[in-house]
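Chain residues, written in single-letter form:
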There are 2 protein chains.
Amino acid sequence: MSFDHLQDLIRAKNNPTVAGLDPRQEQIPPHLRKAAYDQYGRTLEGAAEAVWQFNKGLIDALADIVPAVKPQSAYYERLGWRGMEVMERTISYAQKKGLFVIADIKRGDIGSTAQAYSEGWLGKVTVDGKPLSAFCADCVTVNGYMGSDSIRPFLDTCRQEDKCLFVLVKTSNPGSGELQNLTADDRLVYQVMGDLTQHLGGGIEGNYGFTCAGAVVGATYPSEIKELRQRLKHTFFLVPGYGAQGGTAEDVQYAFNRQGHGAIVNASRSIMCAWQKTGGDGTDYQEASRRAALAMKDDICRYVTIV
Amino acid sequence: MSFDHLQDLIRAKNNPTVAGLDPRQEQIPPHLRKAAYDQYGRTLEGAAEAVWQFNKGLIDALADIVPAVKPQSAYYERLGWRGMEVMERTISYAQKKGLFVIADIKRGDIGSTAQAYSEGWLGKVTVDGKPLSAFCADCVTVNGYMGSDSIRPFLDTCRQEDKCLFVLVKTSNPGSGELQNLTADDRLVYQVMGDLTQHLGGGIEGNYGFTCAGAVVGATYPSEIKELRQRLKHTFFLVPGYGAQGGTAEDVQYAFNRQGHGAIVNASRSIMCAWQKTGGDGTDYQEASRRAALAMKDDICRYVTIV
C-alpha cells in the first residue's frame, strides 16, 4: 500500500506537505538560467537544463524536510520531449533521495489508453517480452470525467505495483464549482466523484485504513473538505490551494482525521519561488526554500498533530 | 480559424475521417519491430523507433486519403521521453505531408498550468525572449471537469495562434454516463459541458460558422449526438467510437449539419491495424490501411454528403 509508505514518511518527518516542482523559466534563479543557456543556447535544451539544475537543487535542499515532491507535468511538456526527459530524471532523482513522488498529470482516458498511461507513469512497459520502466512515479493524479472506466486501469496498475493515485474530486480553482457543485439528484457532482473514488479503491485498505485511490480536495473550500473527510473515511486527500491560492493552515486542518493522518498539503510557488522574496540574486534559493518549507510545516502543525 | 482549415481539407478529400495513431508494440508489423530492436535493442529507444517507422509508413500511405491524423499521447508517454520525441516528430511529419494534426492529450488544469500545456502543445514557449515551438499540434483535446478556468487558457492560445481544440462533452465509453448523464437541475452534465464549450468559444466564428472550441461526442450514443448537433450549432464535433467500439456510419451521420459540415469521425484500430486482418505478415500494412481508410470513407459518405 503506497499510501502507507507516504504516511510513514509524513510521520517520520512530522510534515504533511508536498513541494510542487512546477518551474517556469522566470522562476528559476538567473545564475542557473545563465549557466544553462551558456552551455546549450537559448533553446528548449537550454531551458530544460535550467529546470533540471533548479529541481536538483530544490530536491537536495528539501529532502530532509518534506516527505514528497509533486512535479506538474505541464511545465515539462511545455519544453517538449526535452522537458519530459527532465521530468523522468527529476522523478528518479527525488526517489533516490528518499522522497515520494506524485506525478501531477491529471490524465483521463479509457480502456487500453488509460492502461498505456498507467504503464508509462506507474507501471512497466513490455518491449518484446522485456519489462521496462518509463516515468515510474509513486503516484499520479487522474481526471475521472469519463467515468469509472477511466480510473480502473490505473487502479489495476496500482494494485500490481503497490502504487496509488488521486482522483480530482473538488478542485481548488475559482471555476471548480461550475461542474463539480452541480446538484445531481441527491448529491453534488463532486460527491458523486468522491463516492465513486472510494468505491473503486475499496476492498484493500492499508495499515492506516486508506485505499490506493485518493482524492484531490482543494484547500480553498474548507466546508467541502470537512464534509468530504466525514464522507470518505478511507480516502487519502491531496490538498492543493494552500498559500498563493488563498487556503490557510486553519482551512486545511479539516482534511486530516483525528490521528492527523490521511492528507498531504501541496505548496508550489511559496516554496519553489521563496528566493524571489529574499531580496537576493537567487543564489540563496536553496536556503530560501528550506526556510519556506519549514515555515509551512510549522504553520500546519499548529493545527494538526500527527500521531 | 483552424476549423476552417480542417473543414477545407475534409471537403477537398471528401472525407470526414481522422486516422488515430495509437500504436502498441504488438500492433506494429513484425518486420518493423525486428528492424528497430536489431538497431536499438529491446529498449524504450527500440520500441520508440518501431513506433516512428510505423507512423511514418501510415502517414505516407494515408496522406492523400484522410484530412487529419490523431496521435494519442498515452501510447507515446508509455515509452517515456523517447516516446514523446517520436510524438513530436510524428506531428511535424504529418503536418509536412499536409495533414491536420489533433493531439489527443485530454489535458485539464487551471491558470498558469493550463497555459503551460497550451504553450507546449499549441503555441510557443519563450526562452530568454526567444519564441520556440515544442509539440506544435493544430488542435488538442481538453478535459473541462475543473471548469471554465481549465478551458480558457487553451482558447487564448488558440485565438493567438489560429488553432482549435475539442472539449470532452459526451464520450464514447460504456461508463461515460456515470457522470456525464447525471441530471443537474434542468440539464444533464454533458449538456452543461457542451453549453459551456459553445459559450467559451463564442464570439468569433469562422467561414463555416464554427468557433475554435469543438466538442468530443461519442459515436456510440447517436441520440445524444443528434440532440447536441441541434443544441450546439457553432461547435465542431470530434466523434470517436466508430468501428471497434460499435458506432456505425448510420449513427455518426447525426454529428454533421445539413451541409455535411461540422464533424470528423475518428478510427484508430480499424485503419492502423488493418494489416492484422489480411492474413499477411504485415509487410502489406500500408496497402491494408489505405483500403480500410477508403472503405470507411465510402461507408460514411453513404450517409453524409459534404457540400
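Residues numbered from 1 in each chain as written. Chains lettered and ligands numbered in written order. Predicted model: local features only at pLDDT ≥ 70, side-chain atom pairs only at ≥ 80, totals over all residues. Heavy atoms only, no water.

Participant: Run through the sheet that holds strand β3 (residues 100-107) of chain A, naming residues and quoting values.
Facilitator: Consider a sheet: its strands pair through backbone hydrogen bonds, and that pairing is either parallel or antiparallel. All names here are of chain A. With parallel pairing, eight strands are arranged side by side around a closed barrel as β1-β2-β3-β6-β7-β10-β11-β12. Here the average twist between neighbouring strands, direction ignored, is 30°. Where strand β10 (residues 213-217) and strand β11 (residues 237-239) come together, two bridges link them in parallel fashion. Across the sheet, the residue bridging to V216 is L238, located in β11. Relative to the sheet, helix α13 (residues 285-301) contacts β1 (17-21) and β12 (263-267), its axis offset from that of β12 by approximately 140°. (Pairing = 2+ DSSP bridges. Helix = DSSP H or I, 4+ residues; strand = E, 2+ residues; numbered from the N terminus. Axes fitted to C-alpha atoms, helices over the stretch in contact; angles between N-to-C directions. Contact = heavy atoms within 4.5 Å.)

Participant: An account of the relation of the copies chain B and chain A is needed here, citing residue identities and associated values.
Facilitator: For the pair chain B and chain A, the relating rotation is 180°, the translation along its axis is 0.0 Å, and the fit reaches an RMSD of 0.0 Å. In the structure described here, the two chain copies are related by an operation that fits a two-fold rotation axis. Looking at the rotation axis and the C-alpha trace of chain B, the residue lying nearest is A184 of chain B, at 2.3 Å. Most of the interface of chain B is mirrored in chain A: 100% of its interface residues are interface residues there too. (Least-squares fit on C-alpha atoms with pLDDT ≥ 70 in both.)

Participant: Explain the nonpolar core to me, using residue names and the numbers behind them.
Facilitator: Formed by 231 residues in total, the largest nonpolar core has its most connected members in W121 of chain A together with W121 of chain B. When sequence neighbours within four positions are dropped, the list of residues in contact with W121 of chain A reads S73, M84, M87, I91, A103, I105, R107, F135, C136, A137 and V140 of chain A together with E77 of chain B. (Core = buried A, V, L, I, M, F, W, Y, C linked by side-chain atoms within 4.5 Å. Buried < 20%, exposed > 50% of the residue type's maximum accessible area, 1.4 Å probe, protein only.)

Participant: Go over the sheet that holds strand β3 (residues 100-107) of chain B with me, naming the residues and quoting the values.
Facilitator: Reading around the circumference, β1-β2-β3-β6-β7-β10-β11-β12 (chain B) is the order of the eight strands in this closed barrel, with parallel pairing throughout. Across the sheet, the axes of successive neighbouring strands diverge by a mean angle of 30°, strand direction being ignored.

Participant: For the interface of chain B and chain A, give the residues involved together with the corresponding values.
Facilitator: Contact with chain B, which involves 69 residues of that partner, is made by 69 residues of chain A. Contact with chain A buries surface across chain B, with R42, W81 and Y145 of chain B losing the most and accounting together for 14% of the total. Summed over the shared surface of chain B and chain A, the number is eight salt bridges. The tally of links from chain B across to chain A stands at 39 residue pairs in polar contact (both at pLDDT 80 or more). Of all the elements, helix α6 (residues 111-121) of chain B adds the most residues to the side of chain B that touches chain A, at eight residues. Grouping the amino acids of the side of chain B that touches chain A by side-chain chemistry returns 31 nonpolar, 22 polar and 16 charged. (Buried area = accessible area lost by both parts, 1.4 Å probe. Salt bridge = Lys/Arg side-chain N within 4 Å of Asp/Glu carboxyl O. Polar contact = N/O pair within 3.5 Å; in protein donor to acceptor, adjacent residues only side chain to side chain. Nonpolar A, V, L, I, M, F, W, Y, C, P; charged D, E, K, R; others polar.)

Participant: For the packing of helix α2 (residues 30-40) of chain A against helix α3 (residues 44-62) of chain A, give the residues involved together with the corresponding values.
Facilitator: Residue and element names in this part refer to chain A. Two elements in contact, α2 and α3, have axes whose closest approach is 8 Å; the angle formed by their N-to-C orientations is 140°. The orientation of α2 relative to α3 falls into the category oblique. The element α2 and its partner α3 pack so that their crossing is right-handed. On α3, the residues that touch L32, R33, A36, Y37, Q39 and Y40 of α2 are E45, G46, A47, E49, A50, Q53 and F54. (Parallel < 35°, antiparallel > 145°, perpendicular 65-115°, else oblique. Left-handed = near helix turned anticlockwise from the far one by under 90°.)

Participant: How would you summarise the environment of E77 of chain B if you had to cite specific residues and measurements?
Facilitator: Within the secondary structure, E77 of chain B sits in helix α4 (residues 74-77). Separated by ten residues in the primary sequence, E77 of chain B and M87 of chain B place their C-alpha atoms 8.8 Å from one another. Contacts of E77 of chain B, omitting those with residues within four sequence positions, involve R107, Y117, G120, W121, A134 and F135 of chain A together with M84 and R107 of chain B.

Participant: Outline helix α10 (residues 222-231) of chain B, supporting the account with residue identities and numerical values.
Facilitator: All names here are of chain B. Among all positions of α10, only E224, I225, L228 and R229 are buried. When α10 is viewed along its axis, its buried side chains cluster within an angular range of 135° and face the same direction. Those residues of α10 that are exposed and aimed more than 90 degrees away from the buried face are S223 and Q230. Residues of α10 that are buried sit in contact with β7 (164-170), α9 (189-201), β10 (213-217), β11 (237-239) and α11 (249-252). (Arc of directions from axis to C-beta.)

Participant: Can you tell me about the packing of aromatic side chains, naming the residues and giving the values?
Facilitator: All names here are of chain B. Scanning all chains against the criterion turns up 15 aromatic pairs over all chains. Their ring planes at 5° and their centres at 4.7 Å tell us that F3 and F236 sit as a pair that is stacked. Of this pair, F3 sits in helix α1 (residues 2-13) while F236 is found in the loop between α10 and β11, placing the two residues 233 residues apart along the sequence. A residue is classified by how much of its surface remains accessible, and F3, at 2% relative accessible area, is buried. (Phe/Tyr/Trp six-rings, centres within 6.5 Å; stacked < 30°, edge-to-face > 60°.)

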